[in-house]
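These are the residues of each chain, in order.
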Amino acid sequence: MLRLSGAERVMGADDLIVSKTNLKGHLTYTNHTFLEIADFSASEALGQPHALVRNTEMPRCIFRLLWDTIQAGREIFAYVVNRTKFGDHYWVFAHVTPSFDATGSIVGYHSNRRRPRPEAVATISALYAELLAEEARHRNGKDSVNASHALLMRKLETLGVDYDRFVLSI
């Protein structure tokens, strides 16, 4: 497993990371910005699972929520911390949407990512730390995701918002 370096990369104000995947989440397209910030060449990235840039400091329950949402044909916005090929990390504000064919069937997924506001990263980092701690309390992977997802839902209920409203409010 790749060790995280602790170094953070920050996207430029006008940077836009774009990627497309097939139904299984394997990269079918990446723009230059994706490759540049993640330190991968196109030949290293294309055909690989998008999890190529998954950071272990990202709660798995957020990916569950993301996949559940896009597989249901809906868009989602999410704050995500990714990692580079060499273990640096970078935060993004992601907008992920399903891609449809002419018959309305989902044929893949499209994601645009921008630089998040530092205040939003501070807020979401605290939440993600709680979710990761909950995941760590459970040995079984499925149990850990279910427990952190339940914690997330309780926190959102306490705030009186759904995930979409929460993410767009910070």
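This text follows the structure it describes.
Residues numbered from 1 in each chain as written. Predicted model: local features only at pLDDT ≥ 70, side-chain atom pairs only at ≥ 80, totals over all residues. Heavy atoms only, no water.

Asker: Looking at this structure, I do not really get the environment of Val161. What am I missing?
Answerer: Checked against the element boundaries, Val161 lands in the loop between α5 (141-159) and α6 (163-169). Among the residues examined, Val161 registers a relative accessible area of 26% and is labelled partly exposed. If we skip the residues at most four places from it in the chain, Val161 touches Leu156 and Phe166. (Helix = DSSP H or I, 4+ residues; strand = E, 2+ residues; numbered from the N terminus. Buried < 20%, exposed > 50% of the residue type's maximum accessible area, 1.4 Å probe, protein only. Contact = heavy atoms within 4.5 Å.)

Asker: How should I be thinking about the pattern of salt bridges in this particular structure?
Answerer: Side chains carrying opposite charge are able to pair once their charged atoms draw close together. Throughout the structure, instances matching the rule amount to seven salt bridges. Of the charged contacts, one joins Asp39 and Arg9 as a salt bridge, the two residues approaching to 2.5 Å between their closest N and O atoms. Of this pair, Asp39 sits in the loop between α1 (32-38) and α2 (42-45) while Arg9 sits in strand β1 (residues 8-9), placing them 30 residues apart in sequence. Exposure remark for Arg9: the relative accessible area of 24% places this residue in the partly exposed category. The closest approach of N and O atoms between Glu44 and Lys85, which form a salt bridge, is 2.6 Å. (Salt bridge = Lys/Arg side-chain N within 4 Å of Asp/Glu carboxyl O.)

Asker: Can you help me understand the packing of aromatic side chains in this one?
Answerer: Within a pair of aromatic rings, the relevant descriptors are the distance that separates the centres and the angle that separates the planes. Evaluation of the coordinates by the stated rule reveals four aromatic pairs. When the ring of Trp67 is compared with that of Tyr109, the centres are 5.3 Å apart and the planes differ by 85°; the resulting orientation is edge-to-face. One end of the pair, Trp67, is in helix α3 (residues 60-71); the other, Tyr109, is in strand β6 (residues 106-114), and 42 residues separate them in sequence. When the ring of Trp91 is compared with that of Tyr128, the centres are 6.0 Å apart and the planes differ by 25°; the resulting orientation is stacked. Of this pair, Trp91 sits in strand β5 (residues 89-100) while Tyr128 is found in helix α4 (residues 118-136), placing the two residues 37 residues apart along the sequence. With relative accessibility at 11%, the residue Trp91 sits in the buried group. What links up through ring pairs into an aromatic cluster is the set Phe77, Tyr79 and Phe93. Positioned over the ring face of Tyr29 is Lys20, at 5.9 Å from the centre of the ring. (Phe/Tyr/Trp six-rings, centres within 6.5 Å; stacked < 30°, edge-to-face > 60°. Lys NZ or Arg CZ within 6 Å of the ring centre and 35° of its normal.)

Asker: What exactly am I supposed to notice about the pairing of strand β4 (residues 76-83) here?
Answerer: Every regular strand shows the same layout, with side chains that alternate between the two sheet faces. The element β4 is largely enclosed, with a buried count of seven among its eight residues. Counting the residues in the hairpin turn of β4 and β5 gives five residues, including Gly87, whose phi is positive at 95°. (Pairing = 2+ DSSP bridges.)

Asker: Is there a simple way to think about the nonpolar core in this case?
Answerer: When a protein is soluble and globular, its nonpolar side chains tend to lie buried together. Membership of the largest hydrophobic core comes to 43 residues, with the highest contact counts inside it found for Ile62, Tyr79, Ile124, Tyr128, Leu131, Leu152 and Tyr163. If you list the elements that add at least two residues to this core, you get α1, α3, β4, β5, α4, α5 and α6. (Core = buried A, V, L, I, M, F, W, Y, C linked by side-chain atoms within 4.5 Å.)

Asker: In this structure, what is going on with the packing of α3 against α5? I would like to understand it.
Answerer: What describes two packed helices is the angle between their axes and the distance between those same axes. Following both chains from N to C, one finds α3 and α5 inclined at 80°, their axes separated by 8 Å at the closest point. One element, α3, and the other, α5, form an angle in the roughly perpendicular class. Mapping the contact onto sequence places Arg60, Cys61, Ile62, Arg64 and Leu65 in α3 and Gly141, Lys142, Ser144, Val145, Asn146, Ser148, His149 and Leu152 in α5. Its residues assigned to classes, the contact of α3 with α5 comprises five nonpolar, five polar and three charged. (Axes fitted to C-alpha atoms, helices over the stretch in contact; angles between N-to-C directions. Parallel < 35°, antiparallel > 145°, perpendicular 65-115°, else oblique. Nonpolar A, V, L, I, M, F, W, Y, C, P; charged D, E, K, R; others polar.)

Asker: Is there a simple way to explain α4 in this structure?
Answerer: Residue pairs spaced three or four apart in an α-helix point in one direction, given the helix's 3.6 residues per turn. Helix length check: α4, at 19 residues, gives a terminal C-alpha distance of 26 Å against a target of 27 Å (1.5 Å per residue), a fit within 8%. Three or more residues of α4 are buried, namely Ala120, Val121, Ile124, Leu127, Tyr128, Leu131, Glu134 and Glu135. Angular distribution of buried residues about the axis of α4 spans 140°; they occupy a single face of the element. Among the exposed residues of α4, those oriented more than 90 degrees off its buried face are Pro118, Ala122 and Ala136. Buried positions along α4 lie against α3, β4, β5, α5 and α6. (Expected span 1.5 Å × (residues − 1). Arc of directions from axis to C-beta.)

Asker: Just checking my understanding: could you explain α5 for this structure?
Answerer: With 19 residues, α5 should reach 27 Å at 1.5 Å per residue; the first-to-last C-alpha distance of 27 Å fits that figure. Among all positions of α5, only Ser144, Val145, Ala147, Ser148, His149, Leu151, Leu152 and Leu156 are buried. The inward-facing, buried residues of α5 contact α3, α4 and α6. A side-chain oxygen of the first residue of α5 lies 2.8 Å from the backbone nitrogen of Lys142; this N-cap is Asn140. Gly160 sits one or two residues past α5 and shows a positive phi near 75°. (Polar contact = N/O pair within 3.5 Å; in protein donor to acceptor, adjacent residues only side chain to side chain.)

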